[in-house]
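# Commentary on secondary and tertiary structure
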Amino acid sequence: MIYHSEPKELIVEEFGSDQERGLTAEQVTAKLTEFGPNKLREKKKKTMLQRFLDQFKDVMILILIAAAVVSFVIAITEGGGHAFFEPLLIIVIVVINAIMGVMQESKAEKALDALKSMSAPKARVIRGGSESVIDAAELVPGDIIKLEAGDFVPADARILRSSGLKSEESALTGESVPSEKDAEAVVDSKAPLGDRANMLFSGCSITYGSGTAIVTETGMNTEMGKIANLLDSEEEGQTPLQKKLADLGKYLGIIALAACAIIFVVGVLSDIPVMEIFMTAVSLAVSAIPEGLPAIVTIVLSIGVQRMAKKNAIIRRLPAVETLGCASIICSDKTGTLTQNRMTLVKAWVNGERETEDIGSDNSNEVRRLIACGVLCSDGSVLFEDGKEEHIGDPTETSIIVAAYKNGMTKEELNKQSPRIAELPFDSDRKLMTSVNIMNGKKVVIVKGAFDVMAARCVSGDIETATKINEAMSSDALRVLAIGCKVVEEISDNPTSEELENGLSLMGLVGMIDPPRPEAKAAVAVCRQAGIKPVMITGDHVVTASAIARELGIMEEGDRAMTGTQLDELNDAELYEQVPEIAVYARVSPENKIRIVKAWQHRGEVVSMTGDGVNDAPALKAADIGCAMGITGTDVAKGAADMTLSDDNFATIVDAVREGRGIYANIKKVVGFLLGTNIGEVVCVFLAMLLWRKSPLMSMQLLWINLVTDSLPAIALGMEPVETDIMDREPKPKDEGLFAHGYGVQIILQGLMFDLLALTAFYLGETLTGTNEGGQTLAFMVLALSQVIQVFNMRSEKSIFKYGLFGNKKLNLTALASILLVAVVLFSPLRIPFSLVILPGKLYLIGVGLCLVPLLLMEIAKALGLIKQHK
């Protein structure tokens, strides 16, 4: 069937559906079995075996395997009790590393899959006569769906009913202007996609109007599904930090290979057996490269993203985590983000009084009567259930109903006592609403509306005082409604405004506001403390916005507010110059938002921008970090954003920045730890070969140290809790390198510290035992355990005794495991194949003393302020 050219009634009949009731549960189950889920074909995931084999694609691992093969050949030809131990150990370590790599990848993938499911598209569907919201993947052909502006189209569908409907179809047709849609359009059977005005297509979005449609194709049968193979080629890119670290690994590899070549030549010239020097050179090359670093960074990023999701910040793209740590400007919407998105009645003035009265739970009888009349002249309603409120209708009306409820009056009781017999609904021309109620046997007309309109219609009441009160309330950013009344003898069958809304007595005024979120003020203060400038962008009036901004601390001395109209009058150069002074933008358009973002970016700032509407999508894309609203946000806005706030809360953005900074700081610690320890190993063996023509560590010993001291503690270090003072620091410039502020020099110096410790241990061990094995045993012990000590030093710039030893339980456990693994090799029969010996007691004491040197030196450096990872 050609769905765009057949009558819609015939299509509904073909699918066995019903325009009003939709499909039955039985039909849905059958169709889901027949057509499958409404998903595009995903790229086939790698099996565990494929992932395992991928771990062996690294050049350094391949060199190590080659070394194991050579070692096996020599073991077979030469024999010997422990000849096979070395190649077997190499293979075991390589396999263990591969298994750990697979586990890390799986954990990272599960974390990201969980986030994908949290942000999966939804669809509004009618089934069995009732409307519900389901995952778009559950749609089947024949389902009746409802769509409105901001929704993604979840499947190909024929439109049944439409009202001003427009769809953005550039992804399919290349047409940049949204296509107008009409349920009644007659379309030729051979019409191209762009001309099918009665159809909607999966993956496109509704930009205007609303409509109802019947799903005709799902999954790979949709027009988008037909080009899915083109989409399959899209690769998930690495984050900028991961790319930098991958490049760093390549450079280190070149340096390590050059060092190995020199060591090999020196060894051969010194008559060291070729196999021994070959194994030392190869193992040194592999141990010098922190090949697990990109994988560890991925796991740290993905775990961090999971942690952010628990705090209501759902990250859609991993690079956003890095960018969050650099955020220096947060542009936030007002309504619902900085405020509660719930109008609240806060003040009332009754005619005859000089002052206003705050709304509470025990107001005066006069104010209670004023509020009661306001409720009687309202169509909104509020459901109170289990301590929660559900507001239905106009927010100004629901605020009056809640105020009455606080004073012990419910809308139901008031309507029962004073039933409504006539009404004039609100309209934007009159700016009034009127109801006629029977009160104490009399017909009372109650009118509420804007004060300036009401004042002209009142014949009694203190209008002069009311005008002053209205101005005072408005200057406090309150929305003011006036309430008036009159008693009539009779009303006509079709009453008019002229009949009911004149000759009124002014009863009083009520003032309401959308109050700030309680946590927003504290979050703004944290922003200021962290060197981040908060900016309010809103469609509300400038007076209201400025008052809220001052209350929250967004608008300070020297800051000013600007309207969208004033912004339009500025050219780009003028805006670039003035933008630092502007804290509030009111009555802005989506185009204004993009200009504000680009003005800050022009000044080198990293900008976070919030948005919820279809028209906000360009601004969200233009910002360094686009934040979509999870509750009020449209699907289009969420699709354009880097991050979705599932609670629409400004404080969540600040929390996300804090987490982003913490994740970046942890990655920096991991990089510093791994590079520092590996530099120490390289320089140690390199210098020993040049000075003494002998290696202080054998290949197996180096590999064991790297296995037990690099992988597990490094991952645990990456899970370090966010430091409490992280928001006391200035934002990181986005072009700042990983090794800025002397961090690179610190890493090299730490590497040299390990080098000197290992060489000292080797010299003392060899001198006091008279054997090369004695020197290697002490060097092995000192290098392995001092690196375990170092991982605790890397946790913070603060003293380990101030920061605390036991704040990271995972690190404590992995450190303990590392120490036990080192002890097993030192003191069990396993020491024999490792060529280690039992040392005299005093040498173990010397070894423990040398292991504690990193703790002593780092504490001194921290006390002198020499350890800095940031400004």
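All residue numbers refer to position in the chain's written sequence, counted from 1. Predicted model: local features are reported for residues with pLDDT of at least 70 only, side-chain atom pairs are reported and counted for 80 or more only, and whole-chain, interface and lining totals are derived from all residues. By convention in this description, side-chain values take in all heavy atoms of the structure and omit both hydrogens and water.

## Regarding the overall build of the protein chain
In plain terms, the rule: Segments assigned H or I by DSSP are reported as helices when at least four residues long, segments assigned E as strands when at least two residues long, and all are numbered from the N terminus. The cut-offs for exposure are 20% and 50% of the maximum accessible area for each residue type, with area from a 1.4 Å probe on protein chains only; residues under the lower value are buried, those over the upper are exposed, and the others partly exposed. Here, two residues are considered to be in contact whenever any of their heavy atoms come within 4.5 Å of each other. Accessible surface is estimated by sampling points in the Shrake-Rupley manner with a 1.4 Å probe; for residues, cover comes only from the protein chains shown. Think of it this way: Lys and Arg go in the positive column, Asp and Glu in the negative one, and His and the chain ends go nowhere. A single reference atom marks each charge: NZ on Lys, CZ on Arg, CG on Asp, CD on Glu.
Looking only at helices and strands, the protein chain has 33 helices and 25 strands in total. In terms of principal-axis extent, the alpha carbons of the protein chain reach across some 120 × 70 × 55 Å. Out of the 871 residues belonging to the protein chain, those deemed buried represent 52%. Taking contacts inside the protein chain between residues at least 6 apart in sequence as the whole, the part at least 24 apart equals 71%. If you sum the accessible surface of the protein chain, you get close to 38500 Å²; carbon and sulfur atoms cover 57% of it. Mean positive and mean negative side-chain charge positions of the protein chain (85 and 110 charges, respectively) differ by 4 Å.

## Structural notes on the packing of aromatic side chains
Formally: When the centres of two rings from Phe, Tyr and Trp lie within 6.5 Å, Trp using its six-membered ring, the rings pair. Their planes under 30 degrees apart give stacked, over 60 give edge-to-face, and anything left gives tilted.
Following the criterion strictly, the structure yields five aromatic pairs and no others. The interplanar angle of 25° and the centroid separation of 5.7 Å between the aromatic rings of Tyr3 and Phe15 together place this pair among those described as stacked. One end of the pair, Tyr3, is in the segment before helix 1 (8-14); the other, Phe15, is in the loop between helix 1 and helix 2 (25-35), and 12 residues separate them in sequence. Residue Tyr3 shares its accessibility class with Phe15, and that shared class is buried. Taking 5.2 Å as the distance between ring centres and 50° as the angle between the ring planes, the aromatic pair formed by Phe827 and Tyr844 counts as tilted. You can see Phe827 sitting in helix 31 (residues 809-827) and its partner Tyr844 sitting in helix 32 (residues 841-851), a full 17 residues away along the chain. What makes Phe827 partly exposed here is its relative accessible area of 47%.

## Remarks on the confidence of the model for the protein chain
Note the threshold: pLDDT gives the predictor's per-residue confidence on a scale running from 0 to 100.
For the protein chain, per-residue confidence averages 86 on the pLDDT scale, and 92% of positions sit at 70 or higher. Of the regions scoring below 50 in pLDDT, residues 229-236 engages in seven contacts with residues more than four places distant in sequence or in other chains.

## Section: the pairing of strand 14 (residues 420-427)
Here is the rule: Here, a strand pair is defined by DSSP locating no fewer than two bridges between the strands.
In this structure, strand 14 lies alongside strand 15 (residues 432-439), joined through five bridges in antiparallel fashion. Residue Glu423 lies in a different strand from strand 15, and its bridge partner there is Ser435. Here strand 14 folds back onto strand 15, and the loop between the two strands holds four residues, one of which, Lys431, carries a positive phi near 60°.

## Things to note about the side chain of Thr222
Short version of the rule: Between N or O atoms, a polar contact is any pair within 3.5 Å; within protein, one atom must be a potential hydrogen donor and the other a potential acceptor, and residues adjacent in sequence are included only when both atoms are from side chains.
For Thr222, the location among the structural elements is in the loop between strand 7 (205-217) and helix 7 (223-226). Residue classification places Thr222 among the buried residues on the basis of a relative accessible area of 1%. Within polar-contact distance, the side chain of Thr222 engages the backbone oxygen of Gly219 at 2.8 Å. Within the structure, the side chain of Thr222 is placed 2.9 Å from the backbone nitrogen of Gly225, a separation counted as a polar contact.

## Some thoughts on unusual backbone geometry
For Asn440, which is not glycine, the phi torsion reads 55° and is therefore positive. In this fold, Asn440 is placed in the loop between strand 15 and strand 16 (442-449). A residue is classified by how much of its surface remains accessible, and Asn440, at 80% relative accessible area, is exposed. With a phi close to 70°, Ala477 is a non-glycine residue in the positive phi region. By the element assignment, Ala477 lies in the loop between helix 17 (463-475) and strand 18 (479-488).

## Some details on the pairing of strand 13 (residues 388-392)
For a regular strand, side-chain orientation follows a simple rule: the groups alternate between the two sheet faces. Looking at chain direction, strand 12 (residues 381-385) and strand 13 are connected through five bridges and run antiparallel. Across the sheet, residue Leu383 finds its bridge partner in strand 13, namely Glu390. In sequence, strand 12 turns back onto strand 13 through a hairpin of two residues, with Asp386 there showing a positive phi of about 50°.

## Topic: the packing of helix 29 (residues 772-793) against helix 33 (residues 853-863)
For clarity, the cut-off: Axis geometry follows a simple rule: fit a line to the C-alpha atoms, using only the stretch in contact for helices, then measure angles between N-to-C directions, giving values from 0 to 180 degrees. Comment on the angle field: the value is read as roughly parallel under 35 degrees, roughly antiparallel over 145, roughly perpendicular from 65 to 115, and oblique elsewhere. By definition, any crossing whose near helix is turned counterclockwise from its far helix by less than a right angle is left-handed, and any crossing with a clockwise turn is right-handed.
At a closest axis distance of 9 Å, the pairing of helix 29 and helix 33 adopts a crossing angle of 25°. Taken together, the axes of helix 29 and helix 33 are roughly parallel relative to one another. Along this stretch, helix 29 crosses helix 33, giving a crossing that reads as right-handed. Packed against helix 29, whose contacting residues are Ser786, Ile789, Gln790 and Asn793, the element helix 33 presents Pro854, Leu855, Met858 and Lys862 at the interface.

## Considering the environment of Ile277
Along the chain, the position of Ile277 falls in helix 10 (residues 274-288). On the accessibility criterion, Ile277 (1% relative accessible area) is buried.

## Side note on helix 19 (residues 520-529)
Rule in force here: Arc definition: directions from the helix axis to the C-beta atoms.
Listing the buried residues of helix 19 in full gives Ala520, Ala523, Val524 and Cys527. Buried residues of helix 19, seen end-on, are gathered within an arc of 100° and therefore sit on one face of the element. Elements that come into contact with the buried residues of helix 19 comprise strand 9 (329-333), strand 20 (533-537), helix 20 (542-552) and helix 26 (650-692). Once helix 19 ends, the next one or two residues include Gly531, with phi positive near 75°.

## Structural notes on the environment of Ala183
Take Ala183: it is sitting in the loop between strand 5 (179-180) and strand 6 (199-200). Other than its neighbours up to four places away in sequence, Ala183 contacts Lys8, Arg158, Ile159, Leu160, Arg161, Ser162 and Asn198.

## Brief notes about helix 20
For helix 20, the set of buried residues is Thr544, Ala545, Ser546, Ala547, Ile548, Ala549 and Leu552. Its buried side turned inward, helix 20 meets strand 19 (504-513), helix 19, strand 20, strand 21 (560-563) and strand 22 (582-586). Just downstream of helix 20 lies Gly553, where phi reads positive at about 95°.

## Let's talk about the state of the cysteines
Basically, it comes down to this: Here, the term disulfide refers to a pair of cysteine sulfur atoms separated by no more than 2.5 Å.
Tallied over the full model, the rule gives zero disulfides. Free of any disulfide, Cys331 has its nearest neighbouring cysteine sulfur in Cys627, separated by 10 Å. No disulfide involves Cys458; its sulfur sits 9.0 Å from the nearest other cysteine sulfur, which is in Cys485. Classification of Cys458 by relative accessible area gives buried; the value is 13%.

## Describing the pattern of salt bridges
When the charged atoms of two side chains with opposite charge come close together, those side chains can pair. The condition that has to hold: In what follows, salt bridge is the name for a side-chain nitrogen of Lys or Arg lying within 4 Å of a carboxyl oxygen of Asp or Glu.
Applying the stated rule across the entire model yields 32 salt bridges. A salt bridge links Arg430 to Glu501, with the nearest nitrogen and oxygen atoms 2.7 Å apart. Here Glu501 lies in the loop between helix 18 (497-500) and strand 19 and Arg430 lies in the loop between strand 14 and strand 15, a separation of 71 residues in the sequence. Taken individually, Arg430 and Glu501 each receive the classification buried, so the pair is uniform in this respect. Here the salt bridges share partners, and the residues they tie into one network are Lys669, Glu723, Asp725, Arg729 and Lys798.

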